[in-house]
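Residue strings, one per chain:
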Amino acid sequence: MDKFIINGNKELSGEIEVRGSKNAAGPALAAVLLTQDECIIDNLPLIEDIKNTISVLESIGVKTEWIGDRRLKLKADEINLQNIDLEKVSKTRMSVVLFGSLLARFKDFKISAPGGDVIGLRPITIQLEALEKIGAHIEKEGNVYHIWRDDLVGKEIVLGEFSPTATEALMMAGVLAKGRTVIKGAASELSVQDLSKMLVAMGAKITWSGGHTIEIEGVERLHGCEHLVGPDHLEAGTFIVIGALTPGTVVVKNVDFDYLDLFLYKLEEMGVNFDRGENSITVFYSPFLKPIKAQALPHPGFPTDLLPIIIPLLVKAQGKSLVHDPLYENRLGYMQELRKMGGDLEIVDPHRAFIFGPKTLEGTSVDSLDVRAGAVLIVAALMADGKTIINNAFQIDRGYERIEERLQKLGADIRRISA
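Every value quoted in this text rests on a predicted model; they were computed, and no experiment measured them.

Caption draft 1: Main features of the overall build of the protein. Along the protein, the regular secondary structure elements total 14 helices and 23 strands. Computed over the C-alpha atoms, the radius of gyration of the protein is 21 Å, within 12% of the 22 Å expected from 2.2 N^0.38 for a compact globule of 419 residues. Each of the three principal axes of the protein carries a C-alpha extent, and together these read 60 × 45 × 40 Å. In the protein, buried positions account for 56% of the 419 residues. The contacts of the protein with a sequence gap of at least 6 include a subset with a gap of at least 24, amounting to 71%. Approximately 16,300 Å² of the protein is accessible, and the part contributed by carbon and sulfur atoms is 46%. Charge separation in the protein, taken as the distance between the mean sites of 47 positive and 58 negative side-chain charges, equals 1 Å.

Pasting the structure below:
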């Protein structure tokens, strides 16, 4: 496994640009299966989860051609599901959205259970129940799902939770179903909004009613389109925090502020210094921070994937902070790694923790448990004294494109050691 070696407490200055959203790119790729026409997807992040998804599509016969650095042309006119790469399917959580597009395109198929971060129980019950309500029959055979249907018929469906992947899978099934599909309790995260734009560009009839209700009038066919994946607000949040914790001034470019409102509000409450531009944000070193209470909630709440990222800020804050993530019971595992670095953190239960500051972190050897846990450790290592070794770099590669090269341009002392 690759490792990152970071010598911390260096001044960071310069510009860093946010890449396309990981969580939006996966559903966009899955949506290509809804048409036999050519589609072009631009601003794809070149990360492991997206590469795996593209490999899955290629394994079933989707023709792909890179026509730019992050611009991919795809055509799904001749598909053979017998050749699907089940191993690649099982490596990423976003594979669950393929359930929806495959269901719309085919009457019978098999697909393995999705993988992803080990951050607690992440059953796909909500996703499967939603697809069953629209006409799917589903049986699990070991680690493989057998899914078949007759006709897809639209109806009113209430989701049991604000699940982005359940909403996305159901949207892709609903756009080609007969009649009208109404999704109540729909998630409204960036990935869902981004997929909605792509499907409309393909000829789908989708209307948002209020914040969490989607109405879909089924159509007979969709056509190809060109789609630009929106910038990753989670990556933006990571770079903003890095700029606040290290001496210097960092300009984060290509920022979509629509999904960062509460995040930035909490940073202001902590005392982080930044200037907001039209689509960029300038972050200044913020050594005097105040403790806060923060809870992760579905959009428009505080993003669950950004809650870990602010913990190094709270380690520096003057007093006791409380964080609460009700969504995943094992998400706080990264706090054990921060303790190794000298952080004073108390895990109250699987969902809540106290952070006591201010503390100075010291470099040591730590393990990246998942994508965001790995990002937390990079942030912590950049602000720590001495050398930090971050194991399992592949976890970070799943969500951040060549992060070491981009941070090096800011002046970070970070390098990759390959196994």
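Caption draft 2: Spotlight on the pairing of strand β19 (residues 344-349). In this structure, β19 lies alongside strand β20 (residues 352-357), joined through five bridges in antiparallel fashion. Its bridge partner lying in β20, Ile347 is registered against Ala353. Remark: two residues form the turn of the hairpin made by β19 and β20, two consecutive strands paired antiparallel.

Caption draft 3: Expanded view of the packing of helix α6 (residues 164-174) against helix α7 (residues 190-201). Running from N to C, α6 and α7 point in directions that differ by 15°, and their axes come no closer than 9 Å. Classed by the angle they form, the pair α6 and α7 counts as roughly parallel. Considering how the two elements wind past one another, α6 and α7 form a crossing that is right-handed. Two secondary-structure elements touch here, α6 through Pro164, Thr167, Glu168, Met171 and Met172 and α7 through Ser191, Val192, Leu195, Ser196 and Leu199. Its residues placed into classes, the contact of α6 with α7 shows six nonpolar, three polar and one charged.

Caption draft 4: Structural context of the sheet that holds strand β17 (residues 293-295). Taking strand neighbours across the sheet as the criterion, the four strands line up as β17-β18-β20-β19 in an open arrangement whose pairing is mixed. Looking along the sheet, the strands with just one partner apiece sit at the ends: β17 and β19. Ignoring which end each strand starts from, the neighbouring axes of this sheet average 15° apart.

Caption draft 5: Inspection of the pattern of salt bridges at higher detail. In the structure shown here, the tally under the stated rule is 24 salt bridges. Residues Lys253 and Glu15 are paired through a salt bridge, measuring 3.5 Å at the closest nitrogen-oxygen approach. Residue Lys253 is located in strand β14 (residues 249-253), and its partner Glu15 is located in strand β2 (residues 14-17); the two are separated by 238 residues in the primary sequence. Since its relative accessible area comes to 34%, Lys253 is described here as partly exposed. The partner of Lys110 in a salt bridge is Glu141, and the shortest N-O contact between them spans 3.4 Å. Here Lys110 is found in strand β6 (residues 108-112), whereas its partner Glu141 is found in strand β7 (residues 136-141), with 31 residues between them in sequence. Since its relative accessible area comes to 36%, Glu141 is described here as partly exposed.

Caption draft 6: Molecular detail of the side chain of Ser196. When you line up the elements, Ser196 lands in helix α7. What makes Ser196 buried here is its relative accessible area of 6%. In this structure Ser196 touches Met171, Ile206 and Trp208, once residues within four positions along its chain are discounted.

Caption draft 7: Representation of the packing of aromatic side chains. By the definition in use, this model includes three aromatic pairs. An angle of 45° between the planes, with centres 6.2 Å apart, marks the rings of Phe354 and Phe356 as tilted. Its guanidinium or amino end placed over the ring of Phe257, Arg276 lies 4.1 Å from that ring's centre, counting from NZ or CZ. Over the ring of Phe354 we find Lys320, and its NZ or CZ is 4.6 Å from the ring centre.

Caption draft 8: Structural detail: the environment of Lys107. With respect to the helices and strands, the residue Lys107 is situated in the loop between α4 (98-105) and β6. Each C-alpha atom of the pair Lys107 and Pro27 lies 20 Å from the other, and the pair is 80 residues apart in sequence. Those residues in contact with Lys107, other than ones at most four positions away along the chain, are Ile147, Trp148, Arg149, Asp150 and Asp151.

Caption draft 9: Broad picture of the sheet that holds strand β13 (residues 226-228). Taken together, four strands build an open sheet; the order of strands is β4-β5-β3-β13 and the sheet is mixed. Two strands lie at the open edges of the sheet, namely β4 (63-66) and β13, each paired on one side alone. Strand-to-strand twist of the sheet, defined as the mean angle between neighbouring strand axes without regard to direction, takes the value 20°. Bridge count for strand β3 (residues 38-42) against β13 is three bridges, and the pairing is parallel.

Criteria and cut-off values
- Residues numbered from 1 in each chain as written.
- Predicted model: local features only at pLDDT ≥ 70, side-chain atom pairs only at ≥ 80, totals over all residues.
- Heavy atoms only, no water.
- Helix = DSSP H or I, 4+ residues; strand = E, 2+ residues; numbered from the N terminus.
- Rg over C-alpha atoms; globule rule 2.2 N^0.38 Å.
- Buried < 20%, exposed > 50% of the residue type's maximum accessible area, 1.4 Å probe, protein only.
- Contact = heavy atoms within 4.5 Å.
- Areas by Shrake-Rupley, 256 points an atom, 1.4 Å probe, with all protein chains shown as cover.
- Lys, Arg positive; Asp, Glu negative; His and termini not counted.
- Charge placed at Lys NZ, Arg CZ, Asp CG, Glu CD.
- Pairing = 2+ DSSP bridges.
- Axes fitted to C-alpha atoms, helices over the stretch in contact; angles between N-to-C directions.
- Parallel < 35°, antiparallel > 145°, perpendicular 65-115°, else oblique.
- Left-handed = near helix turned anticlockwise from the far one by under 90°.
- Nonpolar A, V, L, I, M, F, W, Y, C, P; charged D, E, K, R; others polar.
- Salt bridge = Lys/Arg side-chain N within 4 Å of Asp/Glu carboxyl O.
- Phe/Tyr/Trp six-rings, centres within 6.5 Å; stacked < 30°, edge-to-face > 60°.
- Lys NZ or Arg CZ within 6 Å of the ring centre and 35° of its normal.

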